[in-house]
Amino acid sequence: MSQALEQRLLEQIEQWELVDPHTHINPHAPCARTLTDLLGYHYYTELAHSAGMPKKTIEGPQVPQDPKAQAAALIPYLKHIDNTVQYSWLVEIAQRLFGFPHERITEENWEELWHLAEQATQRADWEQQVLRTSRLQAVFLTNDFDDPLQGFDTSRYVPCLRTDDLVFKLTEPEVQQRLVRATGVEVHGAESLGRALDRLFEHFVSQGAKACAISLPPDFCPEEVPPDQADGAWKQLQQNPQHAQARSLWSRFVFWSLAQRCQEFRLPFDLMIGVNRGVYAHGVYQGQDLFDSRVSLIQYAKLWNAFPQVVFPVSVLASVTNQELVAYSWIFPNVVVHGHWWYSNTPSVIYRDLANRLEAVPRNKIIGYYSDMYKLEFALPKFGMFKRVLARVLAQEFVLHRRWSEQRALDLARQILVENPRRIFGLE
Amino acid sequence: MSQALEQRLLEQIEQWELVDPHTHINPHAPCARTLTDLLGYHYYTELAHSAGMPKKTIEGPQVPQDPKAQAAALIPYLKHIDNTVQYSWLVEIAQRLFGFPHERITEENWEELWHLAEQATQRADWEQQVLRTSRLQAVFLTNDFDDPLQGFDTSRYVPCLRTDDLVFKLTEPEVQQRLVRATGVEVHGAESLGRALDRLFEHFVSQGAKACAISLPPDFCPEEVPPDQADGAWKQLQQNPQHAQARSLWSRFVFWSLAQRCQEFRLPFDLMIGVNRGVYAHGVYQGQDLFDSRVSLIQYAKLWNAFPQVVFPVSVLASVTNQELVAYSWIFPNVVVHGHWWYSNTPSVIYRDLANRLEAVPRNKIIGYYSDMYKLEFALPKFGMFKRVLARVLAQEFVLHRRWSEQRALDLARQILVENPRRIFGLE
Amino acid sequence: MSQALEQRLLEQIEQWELVDPHTHINPHAPCARTLTDLLGYHYYTELAHSAGMPKKTIEGPQVPQDPKAQAAALIPYLKHIDNTVQYSWLVEIAQRLFGFPHERITEENWEELWHLAEQATQRADWEQQVLRTSRLQAVFLTNDFDDPLQGFDTSRYVPCLRTDDLVFKLTEPEVQQRLVRATGVEVHGAESLGRALDRLFEHFVSQGAKACAISLPPDFCPEEVPPDQADGAWKQLQQNPQHAQARSLWSRFVFWSLAQRCQEFRLPFDLMIGVNRGVYAHGVYQGQDLFDSRVSLIQYAKLWNAFPQVVFPVSVLASVTNQELVAYSWIFPNVVVHGHWWYSNTPSVIYRDLANRLEAVPRNKIIGYYSDMYKLEFALPKFGMFKRVLARVLAQEFVLHRRWSEQRALDLARQILVENPRRIFGLE
């Protein structure tokens, strides 16, 4: 009975047209061109490496240039990760987008998949077809601050200002030069930084940006820093770019300045809280980051008190922070729950995090899901995974245990998955 | 089958007469007088505020005096929180206590509810009827230390000495004056504090108090403080009431002195661990407190080693501390598991916390639930929520998976819900 | 349907021959001789004590020498812990190994059990029978560094070098003397320590040891310590064995030196992370240890980066660390997930920890379970508990929700329970 109920709910949920409020899509090349583009997603390279594939056979000078040879090298390691949900995404793409008839991708059948992928991705309307099959209406991007935002339809591919480099890397000469080129402003301290940020926000908002975003390490603790202290820190960093206290002061100053612009330009500020970069130093590309679950949202209390008019969609990396996210979002009007991020983006974790959100956070403050994808093909299986968990939570926790009607459960699902992302990010 | 089993268990559980071992009931006005008294529960004001209702329309000089107008203002925001379990408590009161026939409370039907509530609460025997319907035999109070404890039946409304003010606010002149009025003792340091506490405990115990209680911030770490150090701290606080180290020393001294009295007067000492007060500074009344989940019960190891004869019923605010609570209660004879507190008082969190407790804590050391209510009407839906989760845990984890008989499962449930609170708090 | 599916999976799983990769078995006396040997397992003494049994009636001079009288004293307290999963292990042993016909062990029927146990354990082939019934092919030991490892079959009872004493207690004269006797080397600093460790590893490996193991407190943070600093620390400790900084330096030096030998001698290094010893000072034997869940695996990042060729099977004590373990194992090739330890070894905790592992860690990097037992009889109920949870996870999460075939689910189970321990620890 419970299985049939979940299935009925899922069939309805799968009809809806979606917005994907956080991805890493390149709007100039949104789709994979070969199977290698899919296998190159860090989940597969890092899991294959973890399961035994030497790094030098994944990246670096010894790796053949030929994409097919690259794929061939990774295929034998898939058998070690075929239990993972990430592997299931790949199979779902293979089956539903490419028509692959097998349950697993093996050394025997992968060339069949290679050819199916080749045929599919070379179709002129492939991008349209993927969008249609995935029921995607709009896809948020993650744009570097110096992205010209030209040459694509910003109502389909919605710009979003990514600010990690500004907050954590502005002491690097290369980043400073990128900022000069993008804004015409050379940063010498607090005042010039403010002018540069104004230019960036003007540019992004004029080009249809709908959010500002940043990922933050577990020990980050935002605080207002007076301009003169920021100026002092900037001067110290010119002498010693590694000066820990000056770096910390300056980072917090830039971060606070971004929040001020989000208020002024009415942009939501996506906070992705909790990642430590480069923990596994010898890991593959994008497969080096981990976390320290000892983080608390109380570190953000000053920020959220100071900017009541800025909406903060918050993602947490560790599931142990989810109950804090539920509580902070239930109390702070400007804190919104945002998707299931990275290491918490697996079914059993989503189930418990989502169940807690749906029972205690106001329904107009929950953004159900984003894919975080690099290639458009991944929206289908990643949203698919979320929808199945969502149907299960609704069936178990709401229809069976709280005796809701199915329609009432579906209305709630529709709000968090379809309506809230549009309303909260201000899409027309 | 599993649904039917849960239902059978639940029907038995709902027959039992209960003690509610922690509430904020005012024994002189235990019931709501209007719907506004129910809607004024901080869960509804804080969730409505979080969902978009401006604070100035909830409290302060601009809010109309008329209770009905106050209710009318909040009703439109209920639709944003009708997914929450807190909303379901309100609907359950409306339906089961007032006879409201609808599934949701809307701008169209709320006046019907207003009138039903008015009729019900004006009945002469309303208090008796609520107690009877809720199967409540005794309700613990939370009494300020200067409460005269007069004018009510202390076998029905059981006094409990709340000590937050003593531990954390004794440096405030107003609190000192209240203590002088209550005890005749002016505090000048360790020795006079001891005399004042003796008077308070004598008064409370003579009036039938059955517990001492306190809520504690995550960074609190109890420790014995020698009287001369406490005297020094007290002197420093006369100069500078904000002196952090002196405050910390003095608080720990008062806390330890309370534990000594709990031992001497044989009172259980309820510890409610983990709340940070006033985190959302602009929140509504009682809607400003949150938490930092980075707390460990190891902070209490010295206390529990030092007072083996005091029973400590312990509540934790964050579910991530629940496994520690299970382990500390499984090891320390004097640590008892106590209910599901505040942000952890939602069904999915109760399920996992309770399942872990029932499989690893001695059954004579688990106090199932308390309502924490301010108005008597809330016992029915809050205990109702717990009973449904309890029936589900018993059905899934014990009858189906551990193959217990239903009677054996019910005996366990009865012990934690009915027998343990009576025995542990020493009710006749 | 789901119940029947779980049952079908379980019946298959129960056919497999197992390796138990972590126990505290004494190979010279692997089995219980009386019921008292089973009741003396710290779970029963500590839970009985927690439930009200005075310590002095459990251990110490007032306790009678007669084993039967010792058992008789504990039996009346079993009724307070008969909800716990630990109690269920005892009943499963009683029923399945001794033929006890009752569901509970009471003051009325325990002598029947006493006699059944007496008859069974006195059989000449009892050890063989327990191994056969439990389907155990090999059992890892936990050997003190000065264990001669003589007089038993090391292919059945596999030696494992336990190193807690070396890392944390080498400042104690008694431990130093044991090391001299075992190796002929007197430690005077870094160099002599290295020689002593070389001798230990040579001895253990030559006797068939397959792992090095250690349990670690939550605040331990491994780091390379230069030999001259280690020498300095050792000298300070000769003056003051309690010097905190010197102890910390020296411990980290010894630990790092062990990791170097694990690399050289190709031994996996079992890390059991998170226990605080002696927290409940008045607890019974082995019933004093607890934990602080505020630990992060990021403390081990330097170690895992430095020793890519050493396999680290990692156990975590607190379930809140499980998601970190999943993530670190998904990223670091040399980090392997290892069993469900101590306070996390209860069904509801295993369910959620295991579900998360199976959906995100490469399948060749998960070691399903170890019993941690002191007497051979406990493998049956402890593995039995794990197998039932495993069948439930497979049924719910893989067959029903991810639509795997039952055979595919069983292949995954077989790999983590049977194949991985053999391969990872290098059993023939």
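Note that this is a predicted model, so its numbers are computed, not measured. (Residues numbered from 1 in each chain as written. Chains lettered and ligands numbered in written order. Predicted model: local features only at pLDDT ≥ 70, side-chain atom pairs only at ≥ 80, totals over all residues. Heavy atoms only, no water.)

Visitor: Which parts of the structure should I look at to understand the sheet that holds strand β1 (residues 18-20) of chain A?
Guide: All names here are of chain A. Here we have three strands laid out as an open sheet, ordered β1-β2-β3, and parallel in their pairing. A single partner strand is all that each edge strand has here, and the edge strands are β1 and β3 (157-158). Examined bridge by bridge, strand β2 (residues 136-140) and β3 share two bridges and lie parallel to one another. Its bridge partner lying in β3, Phe 140 is registered against Val 158. Contacts between helix α16 (residues 379-400) and the sheet are confined to β1 and β2, with β1 contributing the most and set at about 110° to the helix. (Pairing = 2+ DSSP bridges. Helix = DSSP H or I, 4+ residues; strand = E, 2+ residues; numbered from the N terminus. Contact = heavy atoms within 4.5 Å. Axes fitted to C-alpha atoms, helices over the stretch in contact; angles between N-to-C directions.)

Visitor: What exactly am I supposed to notice about the domain arrangement of chain A here?
Guide: Often, the extent of an interface is quoted as the loss of accessible area on bringing the components together. Residues and elements named next belong to chain A. Structurally, chain A comprises domain 1 (30-123) and domain 2 (129-424). Relative placement of domain 1 and domain 2: their C-alpha centres are 29 Å apart. Between domain 1 and domain 2, the residue contacts involve 24 residues of the former and 28 residues of the latter. Inspection of the domain 1/domain 2 interface yields one salt bridge. Between Arg 388 and Glu 92 there is a salt bridge whose closest N-O contact spans 3.2 Å. Applying the counting criterion to the domain 1 and domain 2 interface returns eight residue pairs in polar contact (both at pLDDT 80 or more). Elements with a contribution of two residues or more to the side of domain 1 that touches domain 2: α2 (35-39), α3 (42-50) and α5 (85-96). Within the side of domain 1 that touches domain 2, the residues separate by chemical class into 12 nonpolar, five polar and seven charged. (Domains from an automatic or database assignment. Salt bridge = Lys/Arg side-chain N within 4 Å of Asp/Glu carboxyl O. Polar contact = N/O pair within 3.5 Å; in protein donor to acceptor, adjacent residues only side chain to side chain. Nonpolar A, V, L, I, M, F, W, Y, C, P; charged D, E, K, R; others polar.)

Visitor: Honestly, the relation of the copies chain A and chain C in this entry has me stumped. Any pointers?
Guide: Both copies of the chain are related by a screw-like operation: a rotation about an axis and a shift along it. With an axial shift of 0.0 Å and an RMSD of 0.0 Å, the rotation relating chain A to chain C amounts to 120°. Put plainly, the chains are arranged around a three-fold axis. Little of the interface of chain A is mirrored in chain C, where only 7% of its interface residues are also at the interface. (Least-squares fit on C-alpha atoms with pLDDT ≥ 70 in both.)

Visitor: So what exactly am I meant to see when it comes to the interface of chain C and chain B here?
Guide: Contacts between the two partners involve 46 residues from chain C, matched on the other side by 39 residues from chain B. For the pairing of chain C and chain B, the buried interface totals around 3,500 Å² over both sides, and the portion due to carbon and sulfur atoms is 51%. One salt bridge in this structure joins Glu 103 of chain C and Arg 408 of chain B, with 3.7 Å as the shortest N-O distance. Taken together, the links from chain C to chain B amount to 29 residue pairs in polar contact (both at pLDDT 80 or more). (Buried area = accessible area lost by both parts, 1.4 Å probe.)

Visitor: Is there a simple way to think about the environment of Thr 142 of chain C in this case?
Guide: Residues and elements named next belong to chain C. Relative to the assigned elements, Thr 142 resides in the loop between β2 (136-140) and β3 (157-158). In this structure, the C-alpha to C-alpha distance between Thr 142 and Thr 163, residues 21 residues apart in sequence, is 9.4 Å. The contact partners of Thr 142, leaving out residues within four places of it in the chain, are His 22, Thr 23, His 24, Cys 160 and Arg 162. A distance of 2.7 Å separates the side chain of Thr 142 from the backbone oxygen of Thr 23, its partner in a polar contact.

Visitor: Help me out: how do you make sense of the side chain of Lys 365 of chain A in this one?
Guide: Mapped onto the elements of the fold, Lys 365 of chain A is located in the loop between α15 (347-360) and β11 (366-367). We note that Lys 365 of chain A is buried and unpaired, the nearest opposite charge coming from Glu 46 of chain B at a distance of 11 Å. In terms of polar contacts, Lys 365 of chain A uses its side chain to reach the backbone carbonyl oxygen of Phe 332 of chain A, at 2.6 Å. A distance of 2.6 Å separates polar atoms of two side chains, one belonging to Lys 365 of chain A and the other to Ser 50 of chain B. (Buried < 20%, exposed > 50% of the residue type's maximum accessible area, 1.4 Å probe, protein only. Lys, Arg positive; Asp, Glu negative; His and termini not counted.)

Visitor: Looking at this structure, how should I read the nonpolar core?
Guide: Here is a general trend for soluble globular proteins: nonpolar side chains tend to be buried in one another's company. Of all hydrophobic cores here, the largest spans 476 residues; its most connected members are Leu 271 of chain A, Leu 271 of chain B together with Leu 271 of chain C. Those residues in contact with Leu 271 of chain B that sit more than four places away from it in its chain are Ile 214, Leu 216, Phe 255, Tyr 300, Leu 303, Trp 304, Phe 312, Pro 313, Val 314 and Ser 315 of chain B. (Core = buried A, V, L, I, M, F, W, Y, C linked by side-chain atoms within 4.5 Å.)

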